[in-house]
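# Structural overview
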Amino acid sequence: MAIADGLVSPWLMAFGYYAGSNGTADISGAGTAWDNSEDVLVGLAGTGTLNIAGGATVSNAYGIIGSDPGSLGTVNLTGSGSTWVNNEDLIVGLFGTGTLNITNGAEVSNSSALIAGESTSIGTVNVIGAGPPGTTRCHWS
């Protein structure tokens, strides 16, 4: 799935839905918006990747990266104005392995966050800025 210069408003979206599956979504371009009223699951049971770049915006209820045991989820945000808004919680590594990369002026916001939800899960958050100080942000409540 690739979304560029458009608007998509689906229900629940999951990438890497089944064990052994591999799903990727690329959302890019200033003014591109993906407004999801439900949850986004990146790596539900398989491998999932969500890329948000070039000023695009993704918003949803809950954001879950690496949901089930054995799953692998990665979310990459890069570039000024690239934004991921989780109106509820953000979970990086619920029962699986989750990685969140925020770089070069991108922003993530959420009501609360959980990293590595279980003793066997792995959650990693990398925040790397290459612009003026304070331009790459991760808002944890």
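See the structure printed just above.
Residues numbered from 1 in each chain as written. Predicted model: local features only at pLDDT ≥ 70, side-chain atom pairs only at ≥ 80, totals over all residues. Heavy atoms only, no water.

### With respect to the nonpolar core
Grouped together as the largest cluster of nonpolar side chains are 21 residues, with contacts concentrated most on Trp 34, Leu 50, Val 75, Leu 77, Trp 84 and Leu 100. The set of elements that each furnish at least two residues to this core consists of β3 (13-15), β4 (22-28), β6 (40-42), β7 (47-53), β10 (72-78), β11 (83-92) and β12 (97-103). The greatest single-element share of this core, amounting to three residues, is contributed by β11. Counting residues in hydrophobic clusters, the runner-up holds five residues, among them Leu 41, Leu 44, Ile 64 and Leu 94. (Core = buried A, V, L, I, M, F, W, Y, C linked by side-chain atoms within 4.5 Å. Buried < 20%, exposed > 50% of the residue type's maximum accessible area, 1.4 Å probe, protein only. Helix = DSSP H or I, 4+ residues; strand = E, 2+ residues; numbered from the N terminus.)

### Some thoughts on unusual backbone geometry
Non-glycine residue Asn 104 carries a positive phi angle of around 55°. Considering the arrangement of structural elements, one finds Asn 104 in the loop between β12 and β13 (107-115). The backbone of Ala 116 shows a phi angle near 60°, a positive value even though the residue is not glycine. Examined against the element boundaries, Ala 116 turns out to sit in the loop between β13 and β14 (122-128). The partly exposed category is assigned to Ala 116, whose relative accessible area is 30%.

### Quick word on the environment of Ser 59
Looking at the secondary structure, you find Ser 59 in strand β8 (residues 57-60). Of the residues examined, Ser 59 reaches a relative accessible area of 14% and is grouped as buried. The sequence separation of Ser 59 and Thr 83 amounts to 24 residues, and the corresponding C-alpha distance is 8.2 Å. Excluding anything up to four places from it in sequence, Ser 59 contacts Trp 34, Asp 35, Asn 36 and Val 85. (Contact = heavy atoms within 4.5 Å.)

### Focus on the environment of Gly 123
Turning to its location among the elements, Gly 123 is positioned in strand β14. For the pair Gly 123 and Leu 100, spaced 23 residues apart in the sequence, the C-alpha separation amounts to 8.2 Å. If we ignore the near neighbours within four places in the chain, the residues touching Gly 123 are Val 92, Gly 93, Gly 98, Ile 115 and Ala 116.

### Examining the packing of aromatic side chains
Enumeration according to the criterion identifies two aromatic pairs in this entry. Ring geometry for Phe 15 versus Trp 34: centroids 6.0 Å apart, planes at 70°, classification edge-to-face. Remark: Trp 34 occurs in strand β5 (residues 33-35) and Phe 15 occurs in strand β3; sequence separation between them is 19 residues. (Phe/Tyr/Trp six-rings, centres within 6.5 Å; stacked < 30°, edge-to-face > 60°.)

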